[in-house]
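Spelled out, the chains give:
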Amino acid sequence: MAQAKFRGRFLWQELMTGDPAAASTFYSKLLGWQAKASAGEPAYTEFHVGGRGVAGMMKMPEAAAQMGAKPMWMPYIGVENVDDAVEDIDELGGKVHRPASDIPGVGRFAVLTDPQGAAFAVFRPNGEAVPLSAAAPKVGEFSWMELATTDEEEAFEFYSKLFGWQALARHSMGPAGTYLIFGSDGVQRGGMFKAGEERGPTPNWLPYASVADVDMSSKEIPGFGGRVLAGPMDVPDNGRIVHLSDPGGVLFAIYAQTAPKQHEPVAKPAAPAKTAAPKATAKPAVAKAPAKSAKPSAVAGDGLPVSKPDDAPVVPPAAKKSLKPKKAAPAPSPVAKKSSAAPAAKKAAKKAPKKAAKKAAKKAAKKAAKKVARRVAKKAAKKSVAKKKAAKKKVAGKSVAKRAEKPSRKADKKHKKDKKNKRKNKKDKRKKDKARRKK
């Protein structure tokens, strides 16, 4: 059996807010989370479901707020090597906002933005990855991730290169555009689509958490200090969702399954889709939570539904992008499926060493080429600087010589003038002497 990987999995969710106390009360009441505060600096709160960490929270730093940062939920996405991911970011068009840093006893992370401006973090926990399980997300666990962006195809290209995600399906939402479902190894991880201004001034990731009853929860939201923005509304695959804002104005979403799933398969080019039978939902991967920390301190698992390679993902809500009431919005559509991929897995296992070797060679060549390019550029820069200095010295020398020549020219000119005057004076004197003799 292939070893489980962290790459491309949503491992943690983190809330940055201006009012941690209000947010803690709100989410604890809405989702049944148990809040556990750490004694570190800055203060950090972990949210647990049944003794397992699912999310974290910290107060928005004043410096970040002064620079224009807004309260938000930010996903931590798994990678095998944080430093390699950070090194690739510039080339892929993203930006590094916090360099790779260690969280003692937990792992290593870095905070980035994609080319469109959506914030996320790459994260490599200590220890080994836990394989995904095949049980439905529990109440309070995350069931879907959704990216609202300015260009879903460009965004997908960026994330697919960074995390190895695949486009599992594209569904038309009519005038609203296309909803792209992404994942890896046939496992759905979320969706992305082009959003309008109503989703916020900048692209952002929206987490969906599972609840027992969306309609009941939506009635309770105002009493907990939040606000319902859209819904409750039905979405494909027998689910219901609500988009809401917490007491600090941060966007969030809840989801509930109302009946057994009736999903359709991923559409493949030039081939008709087949209808699949209803399947059971899946449970996020679980990892052992380390000690408390002032940063994300537990790997909560994906919090996502699992579907296996040979079956198709569920169609997300082919609805509208708006968060305003009475308008549909894309929602989670998790599903677990039986796998018929044993032969494919064997082939993949055989090809894996070759692919790994090829990838390693390609990476080594790329790094070597970068080093050579940097050296050449450095030498060229040094030569250019030396030439400029030499040219400046030459110009300066000429200028000094000209300044030195000026007094010499003036002296020569004066000497000639004096000589001429002497000759003239002599001539005049001779004339006067001659005139006197004649008299």
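Residues numbered from 1 in each chain as written. Predicted model: local features only at pLDDT ≥ 70, side-chain atom pairs only at ≥ 80, totals over all residues. Heavy atoms only, no water.

Q: Please provide a residue-by-residue account of the sheet that holds strand S4 (residues 52-59), values included.
A: Read from one edge of the open sheet, 8 strands run S2-S3-S4-S1-S5-S8-S7-S6, paired in mixed fashion. Edge positions in the sheet fall to strand S2 (34-37) and strand S6 (95-103), since each has one partner strand and no second. Neighbour to neighbour, the strand axes of the sheet diverge by 25 degrees on average, direction disregarded. Where strand S5 (residues 72-78) and strand S8 (residues 119-125) come together, 3 bridges link them in parallel fashion. From the neighbouring strand, Ile77 faces S8, where its bridge partner is Val122. Along the sheet, helix H3 (residues 82-92) contacts S6, strand S7 (107-113) and S8; its crossing angle with S7, the most-contacted strand, is approximately 15 degrees. (Pairing = 2+ DSSP bridges. Helix = DSSP H or I, 4+ residues; strand = E, 2+ residues; numbered from the N terminus. Axes fitted to C-alpha atoms, helices over the stretch in contact; angles between N-to-C directions. Contact = heavy atoms within 4.5 Å.)

Q: Please set out the sheet that holds strand S14 (residues 227-235) residue by residue, giving values where relevant.
A: Ordered in space as S10-S11-S12-S9-S13-S16-S15-S14, the 8 strands form an open sheet in which the pairing is mixed. Two strands in the sheet have a free side with no partner beyond their single neighbour: strand S10 (166-172) and S14. Neighbour to neighbour, the strand axes of the sheet diverge by 25 degrees on average, direction disregarded. For strand S13 (residues 204-210) and strand S16 (residues 251-257), the ladder comprises 3 bridges, and the chain directions are parallel.

Q: Please set out the packing of helix H1 (residues 20-31) against helix H5 (residues 214-224) residue by residue, giving values where relevant.
A: One can describe the packing of H1 onto H5 by two numbers: an axis separation of 10 Å at closest approach and a directional angle of 160 degrees. Taken together, H1 and H5 sit at an angle that is classed as roughly antiparallel. Helix-helix and strand crossings are classified by hand; for H1 and H5 the assignment is right-handed. Residues Phe26, Lys29 and Leu30 of H1 pack against Ser217, Ile221 and Phe224 of H5. (Parallel < 35°, antiparallel > 145°, perpendicular 65-115°, else oblique. Left-handed = near helix turned anticlockwise from the far one by under 90°.)

Q: Talk me through the pattern of salt bridges; I want residue IDs and the actual numbers.
A: Per the stated rule, a full pass over the model turns up 7 salt bridges. Across the pair Arg108 and Asp83 runs a salt bridge, and its minimum N-O distance is 2.9 Å. Highlighted residues: Arg108 in strand S7 and Asp83 in helix H3, separated in sequence by 25 residues. A salt bridge links Glu153 to Arg170, with the shortest nitrogen-to-oxygen separation between them at 2.8 Å. Separated by 17 residues along the polypeptide, Glu153 in helix H4 (residues 152-163) and Arg170 in strand S10 bring together distant segments of the chain. For Glu153, a relative accessible area of 34% translates into the label partly exposed. Overlapping salt bridges bring together Asp83, Asp102 and Arg108 as one network. (Salt bridge = Lys/Arg side-chain N within 4 Å of Asp/Glu carboxyl O. Buried < 20%, exposed > 50% of the residue type's maximum accessible area, 1.4 Å probe, protein only.)

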